[in-house]
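# Structural characterization, general
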Amino acid sequence: METKKDQESAEEDDIYVKFSSFGHYMTQGLKRLYETQQLCDAILVAEGKNFPCHRALLASFSPYFHAMFTRPFRECWERQVVFEEMASCILQKILHYLYTGELLLTPETAQDLFTAASRLVILPLQEIIGRFLADSISMDSCLGIYALAYAHNHQALLRVATHHITLNFESLSEHDAFPELDLSTVISILSSDKLLVSSELTVYHAVQHWVRSQPATHFSLIKTLLGQVRLPLLTSEEIMTVQKDILAEYGHAHLQWEQLDGAGRLLRSGGLRHGMYDDWIVSLGLFVSNMQGGVVERLKTHFLGFNLQTESWEEIPPLMYLDSSGFLSVGHKLYVSGGQRLNGSVLGNLHEFDALTGQWVQLPSMSVPRREHGFLACKQKLYALGGRSGRSVLDSAESFDLVRESWSPIASLPFAVSHFASATLKNQLYLIGGFSHTRSSGLAHRGILIYDTGLNVWNQVPLAFQCYKSTAVAMNNGIFVIGGLVEESSCRETPGTVIRALISGTHKCFFLSKDGTVSHDVFIPELPILVLPPCAVQWQRRIHVLVGNTIYQWKPGERSWTRSRKNAPSTRVTFLTVINGVTLRVPKKTLQPLLREASAALTAVWVADK
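Below, the structure is looked at part by part.

Glancing now at the overall build of the protein chain. The number of helices and strands found in the protein chain is 17 helices and 33 strands. For the protein chain, the proportion of its 610 residues judged to be buried stands at 50%. Of the contacts formed within the protein chain by residues at least 6 apart in sequence, a portion of 58% connects residues at least 24 apart. Here the protein chain has roughly 29,900 Å² of accessible surface; of this, 51% comes from carbon and sulfur atoms.

Below, the structure is given as structure tokens:
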């Protein structure tokens, strides 16, 4: 006997079948109308071939057709649309997709289909083809795909093609497809800061290849293209090569010279290309300088740089001794904030090191002296957060505008805290764990503070364990917390209690999602060696940890850490401890003399018309 409940369940099943079949019935019905050419009220024409179809369907998919069939255009009453420059097979594939949802893509037809879909403003089709082109991109196709994406302003496809071109510009500039690019497309490539070229001479040679390939049409554009070459970045030897080449190739030419220092070269040229830098891991540490006989000369804060491209070590000029200072980098500049001097006094100083000039300068000081504080960068601002000043733990925070070179207060932390890990992720600042009182009082902060730089507000997220003297690295849309002291006991400390149990950590690492919650789905192997605090940075989707004079690295998905082949060299200083580390962009050695000395620079080339 069928119950009421069974009847209701059967009715629900019927409703589900009806709803789930609606799209299927609609698709099949449209397909039949298209195949039998019934009720058609428009004709599309390509290469003399007619394609009867339905205006309502075309207008529902395409703003181009919607405007054509709803406004007083000739096609609206004639009901015939002729496409002069479209192959009939391309138009047929587009209509087949619109009526059936089916699309067969091949490398041979994808670009023509993308052009047609863009012209007709059929966005779903454009996105499908765009993903296909991005997934199948290669060295042979990336220039053509870039030109296609650039012409149709398709940002997602443009990013993929740009990545390929900037990484392989030197070889691609010699490719047969390069001279086929039009002037605006070539200029968009040559103007990019991201070109991975170690010398501007490579860009000059690319210009010459483009011009020489079609001299009849390209020669008149030589002045425009040479304007994209950053001539002040050429060395004296490279200038001689360019000068000799231009005079031999074009006859009379006017060379414009100017006496420029490093800042002037950068200003006139527009800056260095990405390939003109090396990436360094720079560790801030305390070292003792020794005189003969083993007598201590002085205690200083030193900076040791590890060149990630060449796996070589370099020293950066030291500062006065500063313990527990903030340390970060923005591009080719290092910043050191606050810290404690040897006599115990806490400073509010802000120092900047410019890798282009190799010099330290002092910037305006913080309003509050700080040590053991958070020091983060986001959108041309530096943030000094919490920390300690003498025996006091701070809840104040302030930001430094790198453009205006001035400090301003921001919202105070919910409570005073120090000794935390910190990181920047998607315009938010994260303070992880730490102590909400002095270390001796023993009140650990079991939580994460998140500051929204746009809203100027703090939020709190609980943490199931204590975390102290760890290092945080933002990567893969989350934050990797590396090492430190971690204790998972459920007991809560009270002021006056010394935390002795906090030594049970510290090879442990964990991952935080953007919302500040711990994700156990991301595996991170334990550190191969215990170090406090760990000096960890991110470079090329890997985390690098400096332990003493050794680099360990790990990439998400790998099961263990890998040790670098190169150790730090012997220096005139004795290593005490590494405090922190950052990545820094440093000009290649061939360019450093240009950027640190004033000399004659080639700033323009004017070639006489043939």
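Quick look at the packing of aromatic side chains now. Per the stated rule, a full pass over the model turns up 17 aromatic pairs. Ring geometry for phenylalanine 435 and tyrosine 468: centres 4.6 Å apart, planes at 80°, overall edge-to-face. With a gap of 33 residues between them, phenylalanine 435 in the loop between strand E19 (428-432) and strand E20 (447-452) and tyrosine 468 in strand E22 (residues 466-468) connect regions that are remote in the sequence. What makes phenylalanine 435 buried here is its relative accessible area of 2%. Relative to tryptophan 561, the ring of tryptophan 554 lies with its centre 6.0 Å away and its plane at 40°, an arrangement referred to as tilted. Accessibility expressed as a relative area gives 0% for tryptophan 554, which makes it buried. One aromatic cluster is present, formed by Tyr64, Phe65, Phe69 and Phe83 through successive ring pairs. When the ring centre of phenylalanine 523 is taken as reference, the NZ or CZ atom of arginine 559 above it lies at 4.0 Å. Above the ring of tyrosine 277, the side-chain terminus of arginine 585 is found at 4.0 Å from the ring centroid.

Note on placement: leucine 527 falls in the loop between strand E27 (518-519) and strand E28 (535-539). C-alpha separation for the pair leucine 527 and histidine 507, spaced 20 residues apart in sequence, amounts to 4.6 Å.

What the four strands build is an open sheet, ordered E18-E19-E20-E21; its pairing is antiparallel. Across the chains shown, the open sheet's two edge strands, defined by having one partner strand only, are strand E18 (421-425) and strand E21 (457-462). The sheet shows a mean angle of 20° between the axes of neighbouring strands, taken without regard to direction. Strand direction decides the pairing type here: E18 and E19, joined by five bridges, are antiparallel. When the bridges of E19 are listed, serine 422 appears paired with leucine 431.

What follows concerns helix H16 (residues 262-269). Regarding H16, the residues found buried are Gly262, Gly264, Arg265, Leu266 and Ser269. Once H16 finishes, glycine 270 follows within two positions and takes phi at roughly 100°, a positive value.

What follows concerns the pairing of strand E9 (residues 333-337). In terms of burial, E9 is a largely internal element, four of the five residues being buried. For strand E8 (residues 326-330) and E9, the ladder comprises five bridges, and the chain directions are antiparallel. The residue bridging phenylalanine 327 from the neighbouring strand is valine 336, located in E9. Between E8 and E9, which pair antiparallel in sequence order, lie two residues; one of them, glycine 331, sits at a positive phi of approximately 65°. Here five bridges tie E9 to strand E10 (residues 350-354), and the two strands are oriented antiparallel to one another. Looking at the pairing, leucine 334 lines up with phenylalanine 353 of E10.

Right, let's get into unusual backbone geometry. The backbone phi angle of lysine 379 is positive, close to 50°, even though this residue is not glycine. Looking at the secondary structure, you find lysine 379 in the loop between strand E12 (374-377) and strand E13 (381-385). Look at lysine 379 and you get exposed, because its relative accessible area is 63%. With phi around 60°, glutamine 380 is a residue other than glycine that occupies positive phi space.

Our focus in this paragraph is the sheet that holds strand E1 (residues 42-46). Spatial ordering of the open sheet is given by E2-E1-E3, a layout of three strands whose pairing is mixed. The sheet is open, and its two edges are formed by strand E2 (49-53) and strand E3 (80-83), each paired on a single side. Within the sheet, the average angular offset between the axes of one strand and its neighbour, ignoring direction, is 20°. In the packing of helix H5 (residues 88-100) onto the sheet, the strands contacted are E1, E2 and E3, and the crossing angle to E2 comes to about 15°.

The next thing to look at is the nonpolar core. The nonpolar side chains of soluble globular proteins are, as a tendency, buried together. If you look at the biggest cluster of nonpolar residues, it comprises 85 residues, and the most contacted ones within it are Leu44, Ile94, Ile129, Phe169, Leu226, Ile246 and Leu272. Of all hydrophobic cores here, the second largest spans 17 residues; its members include Trp280, Leu284, Ile316 and Leu334.

Counting across every chain of the model gives eleven salt bridges. Of the charged contacts in the structure, one is a salt bridge between arginine 230 and aspartate 193, with a shortest N-O distance of 2.7 Å. A residue pair is termed long-range when its members are at least 10 positions apart, and arginine 230 in the loop between helix H14 (222-226) and helix H15 (236-250) and aspartate 193 in the loop between helix H11 (183-190) and helix H12 (201-213) qualify at 37 residues. For lysine 333, the salt bridge identified is with glutamate 352, shortest N-O distance 3.9 Å. With lysine 333 in strand E9 and glutamate 352 in strand E10, the pair connects residues that are 19 residues apart, well separated along the chain. Given a relative accessible area of 23%, lysine 333 falls into the partly exposed group.

With that settled, consider the environment of alanine 416. Within the element layout of this structure, alanine 416 appears in the loop between strand E17 (406-409) and E18. It is 9.7 Å that separates the C-alpha atoms of alanine 416 and leucine 385, two residues lying 31 residues apart in sequence.

Time to look at the packing of helix H8 (residues 142-152) against helix H9 (residues 155-167). Remark: H8 packs on H9, axes separated minimally by 9 Å, with the N-to-C direction vectors making an angle of 145°. Considering how the two elements wind past one another, H8 and H9 form a crossing that is left-handed. Seen from H8, the contacting residues are Cys142, Leu143, Ile145, Tyr146, Ala149 and Tyr150; seen from H9, they are Leu157, Leu158, Ala161, Thr162, His164 and Ile165. When grouped by side-chain class, the residues that make up the contact of H8 with H9 number ten nonpolar, two polar and no charged.

Where E10 lies against strand E11 (residues 359-363), five bridges are found, and the strand directions are antiparallel. Paired with aspartate 354 across the two strands is glutamine 359, which belongs to E11. In textbook terms, the turn of a hairpin is the stretch between consecutive antiparallel strands, and for E10 and E11 this stretch comprises four residues, one of which, glycine 358, has a positive phi near 75°.

Thresholds applied
Residues numbered from 1 in each chain as written. Predicted model: local features only at pLDDT ≥ 70, side-chain atom pairs only at ≥ 80, totals over all residues. Heavy atoms only, no water. Helix = DSSP H or I, 4+ residues; strand = E, 2+ residues; numbered from the N terminus. Buried < 20%, exposed > 50% of the residue type's maximum accessible area, 1.4 Å probe, protein only. Contact = heavy atoms within 4.5 Å. Areas by Shrake-Rupley, 256 points an atom, 1.4 Å probe, with all protein chains shown as cover. Phe/Tyr/Trp six-rings, centres within 6.5 Å; stacked < 30°, edge-to-face > 60°. Lys NZ or Arg CZ within 6 Å of the ring centre and 35° of its normal. Pairing = 2+ DSSP bridges. Axes fitted to C-alpha atoms, helices over the stretch in contact; angles between N-to-C directions. Core = buried A, V, L, I, M, F, W, Y, C linked by side-chain atoms within 4.5 Å. Salt bridge = Lys/Arg side-chain N within 4 Å of Asp/Glu carboxyl O. Left-handed = near helix turned anticlockwise from the far one by under 90°. Nonpolar A, V, L, I, M, F, W, Y, C, P; charged D, E, K, R; others polar.

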